[in-house]
Amino acid sequence: MVDFATRFAPSPTGPLHLGHAFSAMLCHDMARANQGRFLLRMEDTDLQRSKPEWDALIRHDLTWLGLDWDGPVLRQSTQLTSYDTYLAQLAELDLIYPCSCSRADIRAALSAPQEGHPHEIYPGTCKSRPMADRKPDDALRLHLDRALSLLADDTPHFNETGKTHKGTHQIDPELARAQIGDVVLSRKGEDVVAYFLASAIDDAAQCITHVIRGEDLFDFTAIQVILLNLLNLPVPTYHHHRLIRDDQGKRLAKRDDARAISTYRDEGKSPLDIRKMVGL
Ligand code: GLU
């Protein structure tokens, strides 16, 4: 089998709409055109909003669309120990620190508006706190400066498995500091790992070679490349596709039930009609 694998990774928190169908069809078609694998992953780390009925409807919609996935579905709720293991590796490398700041604390500490940035850049209030000082409801943040110096350092660093940490020249450190900062990797109060860390770890676990997803997720790519390099995991090729928008030009969201695949199905549309609607 050719080494080519894509995945569709929906969160089972609502119905699939046209935008999801477009993404899933691209992943599926690319995999099949390359004699590769098309895998399905349910990103259900949000235990409150993820529901088995959405999980079932998503699988039903994909099957109806003719998108057959290979192997079992990977559910992130079954992978929590794996995320903890990788967080422990980052802790061992002294690359994470505990943070007790609330969102309001963070906003107050920011001196300049962060317009144009994908998220607020953390001002570093808790940056000097050691992991030994971690309280039960602290969040865990990446120490980006240390991470970048580790990656820039060409001397091999051996971890407990005896592997080296590869440097990466794909990341511009200045841009990373300005646009990423010390991101939260594990959230406060609930032991829930950040989306981009869980997703990157599982791309490696599922041996994904090509991540094909919407351009709304483009800003997460740099941090995922950094994390994968730090964790000594393979970095896939990323492709970000155009988004399907509504008549006002707004990106479709889960709440757009009118454009849910199940609604179109109930109205008598065919999978081919759906393909035409998204321009495939
Ligand atoms: N679970 C994410 C979503 O539903 C997609 C993650 C990804 O494709 O990397 O938006």
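Provided above is the structure to which this section pertains.
Small disclaimer: the values here were computed from a predicted structure and weren't measured.

Draft legend 1. The sheet that holds strand 5 (residues 139–142), seen in detail. Ordered in space as 4-5-6, the three strands form an open sheet in which the pairing is antiparallel. Of all the strands in the sheet, the pair left with one neighbour each is strand 4 (96–99) and strand 6 (184–186). On average, each strand axis in the sheet is inclined to that of its neighbour by 45°, with strand direction left out of account. Looking at chain direction, strand 4 and strand 5 are connected through four bridges and run antiparallel. Residue pairing for strand 5: Ile96 is matched across the bridge by Leu142.

Draft legend 2. Representation of the packing of helix 3 (residues 80–92) against helix 7 (residues 195–205) in the model. Interhelical geometry of helix 3 versus helix 7 gives an angle of 100° and a closest axis separation of 10 Å. As the angle between them shows, helix 3 and helix 7 are arranged roughly perpendicular. Each of Ser82, Tyr83, Tyr86 and Leu87 in helix 3 lies in contact with helix 7, whose residues at this interface are Leu197, Ala198, Ile201 and Asp202. Partitioned by chemical class, the residues of the contact of helix 3 with helix 7 number six nonpolar, one polar and one charged.

Draft legend 3. Region of interest: helix 8 (residues 221–230). Counted residue by residue, helix 8 has nine buried out of ten residues, so it is predominantly covered. Looking one or two places after helix 8, you find Asn232, whose phi comes out positive at around 60°.

Draft legend 4. Expanded view of the packing of aromatic side chains. With the rule as written, the count across this model stands at three aromatic pairs. Between Tyr195 and Phe220, the ring centres sit 5.1 Å apart and the planes meet at 80°, which makes this aromatic pair edge-to-face. Taken together, the residues Tyr195 in helix 7 and Phe220 in the loop between strand 7 (210–214) and helix 8 connect sequence positions 25 residues apart. Judged by relative accessible area, which is 26%, Tyr195 ranks as partly exposed. Every member of this aromatic cluster is reached through a ring pair, and the members are Tyr195, Phe196 and Phe220. Here the basic side chain of Arg141 rests over the ring of Tyr122, its NZ or CZ set 3.6 Å away from the ring centre.

Draft legend 5. Quick look at the pattern of salt bridges. For the structure shown, the criterion picks out 18 salt bridges. We note a salt bridge from Asp133 to Lys135, for which the minimum N-O separation is 2.9 Å. The exposure class of Asp133 is partly exposed, given its relative accessible area of 28%. Put simply, Lys127, Asp145, Glu174, Arg177 and Asp182 are held in one network by salt bridges that share partners.

Draft legend 6. Seen up close, the site of the ligand. Around the ligand lies a shell formed by Arg7, Ala9, Pro10, Ser11, Glu43, Tyr195, Ser199, Arg213 and Leu217. Against a free-state accessible area of 300 Å², the protein chains account for coverage of 80% of the ligand. Here the residues of the shell around the ligand sort into four nonpolar, two polar and three charged.

Rules of the game
Numbers given to residues run from 1 along each chain, matching the order in which its sequence is written. The predicted nature of this model means local features are confined to residues of pLDDT at least 70 and side-chain atom pairs, given and counted, to a pLDDT of 80 or more, with totals for whole chains, interfaces and linings taken over all residues. Water and hydrogen atoms were dropped before computing side-chain values, which therefore reflect all heavy atoms in the structure. For two strands to be treated as a pair, DSSP must find at least two bridges joining them. Each helix is a run of DSSP H or I of at least 4 residues and each strand a run of E of at least 2, with the numbering of both proceeding from the N terminus. Simply put, an axis is a line fit to the C-alpha atoms, just over the touching stretch for a helix, and the angle between two N-to-C directions goes from 0 to 180 degrees. Angular relationships are summarised with four words: roughly parallel below 35 degrees, roughly antiparallel beyond 145, roughly perpendicular across 65 to 115, and oblique for the angles in between. Working rule for contacts: check all heavy atoms of both residues, and any pair within 4.5 Å makes them a contact. Each residue is assigned to one class: nonpolar for Ala, Val, Leu, Ile, Met, Phe, Trp, Tyr, Cys and Pro, charged for Asp, Glu, Lys and Arg, and polar for all the others, Gly among them. The buried label applies to any residue whose accessible area, calculated with a 1.4 Å probe on protein chains only, is under 20% of its type's maximum; exposed applies above 50%, and partly exposed to all values in between. Two rings from Phe, Tyr or Trp (for Trp, the six-membered ring) form a pair when their centres sit within 6.5 Å of each other. Planes less than 30 degrees apart are called stacked, planes more than 60 degrees apart edge-to-face, and all others tilted. Sitting over a ring, as applied to charges here, requires NZ of Lys or CZ of Arg to be within 6 Å of the ring centre and within 35 degrees of the ring normal. The term salt bridge refers to a side-chain nitrogen of Lys or Arg lying within 4 Å of a carboxyl oxygen of Asp or Glu. Only a single heavy atom is needed: when it lies within 4 Å of a molecule or strand, its residue is near that molecule or strand. Note that accessible areas follow from Shrake-Rupley with a 1.4 Å probe, and for residues the cover is restricted to the protein chains shown.

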